[in-house]
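# Structural characterization, general
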Amino acid sequence: MSFCEPARVVSAVSLTPHMRRISIEAEGDWNWPAGGQGDERIDLAFPKPGETEADYEFFNHPDYGRADLGTEPPWRHYTVRKVHDGGRRLDIDFVVHPGGLAADWAMRAEPGHLLGVFWSESSRSHYQSPSGPRRQLLVADATGLPGLGRIVEELREGDVAHAIIEIEAEEDRQEFTTRGQVTYSWLVGSGLGSSPSALFDAVKTMDFPNLDADDTYAWVACESATSRRIRKHLREIRGMARDRHNVVGYWREGADGHVSGMNDEVTVDA
Ligand SMILES: Cc1cc2nc3c(=O)[nH]c(=O)nc-3n(C[C@H](O)[C@H](O)[C@H](O)COP(=O)(O)OP(=O)(O)OC[C@H]3O[C@@H](n4cnc5c(N)ncnc54)[C@H](O)[C@@H]3O)c2cc1C
């Protein structure tokens, strides 16, 4: 396998006003590895603005990372929303927001456009599906919604979860099929760069007792500053053990996602 493999867009549809689902198909002899969980990360190389094909071969140059090869093509972190055909085809859900290179690409993506997919055999999931009886708190803004949707769809019978989700408009709500018992709090119209996020206050005041219990797990994916406040609250006020929650910053207000190293996620739970 090459470090960066090509994949063609096979369909691009609007799920809701602010979410585009792009399906890509592996080109050549590779497939996405099996075994990923809920929030499985995928790193994608994009065409430069105005182009339709990503220069994925840039990342396969033997001197990539060692010598100056010129301007690096843009790439961003996303989530594998669904795996089809043994990893040959993947669905990825893109939040549509102003001023984003990847978001702009998703809005104009058409079948035939080419992306680069960074390939890795190691796990790219933060969500740690706990064994035994499970109560889960799932918190996400729109960028975490693809991961949250997959987590909910993959719950087992008997799992109980409460999901708190921040979206831009009523029409951005989504429905998920699940074997678990899931309750939802949708926060509409806050956060996502337009106004302060309401996620922290919702977590602080939620009715979800005994978060420190051994059978309870929390997963959080949202803007970085908000994720840090929620992590602090879960640890210091709710008494959650470090191995019982994963809190990940998915984007940073005011900073674009162009990072230079392959493992530079915005904030990962320490
Ligand atoms: C592990 C992981 C998984 C992710 N999965 C997904 C996913 O499945 N779907 C998804 O849409 N995103 C996901 N993200 C978030 C995504 O990588 C960032 O939102 C990224 O910045 C988008 O790139 P862009 O080129 O559109 O915007 P950029 O060029 O990176 O940013 C331009 C400007 O837009 C702002 N911005 C970035 N994202 C948003 C946003 N969502 N709303 C409002 N303003 C924003 C930035 O602060 C900046 O000011 C994930 C991130 C991580 C770390």
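Residues numbered from 1 in each chain as written. Predicted model: local features only at pLDDT ≥ 70, side-chain atom pairs only at ≥ 80, totals over all residues.

Attention now moves to the sheet that holds strand 6 (residues 89-95). Strand order in the open sheet made by the seven strands is 4-3-7-1-2-6-5, with antiparallel pairing throughout. In the strand order of this sheet, the two ends are held by strand 4 (75-79) and strand 5 (82-84), each with one partner. Neighbour to neighbour, the strand axes of the sheet diverge by 40° on average, direction disregarded. Where strand 2 (residues 19-26) meets strand 6, seven bridges bridge the pair, whose relative direction is antiparallel. What sits directly across from M19, in strand 6, is V95. The strands that helix 1 (residues 101-108) touches are strand 2, strand 4 and strand 6; relative to strand 6, the one it contacts most, it runs at about 115°. (Pairing = 2+ DSSP bridges. Helix = DSSP H or I, 4+ residues; strand = E, 2+ residues; numbered from the N terminus. Axes fitted to C-alpha atoms, helices over the stretch in contact; angles between N-to-C directions. Contact = placed C-beta atoms within 7 Å.)

With that out of the way, let us pick up the domain arrangement of the protein chain. Entries for the protein chain in the domain assignment read domain 1 (4-118) and domain 2 (135-251). A straight line from the C-alpha centre of domain 1 to that of domain 2 covers 25 Å. The interface of domain 1 with domain 2 comprises 13 residues on the first partner and 16 residues on the second. Among the elements of the structure, strand 1 (4-16) and strand 6 are those that each provide at least two residues to the side of domain 1 that touches domain 2. (Domains from an automatic or database assignment.)

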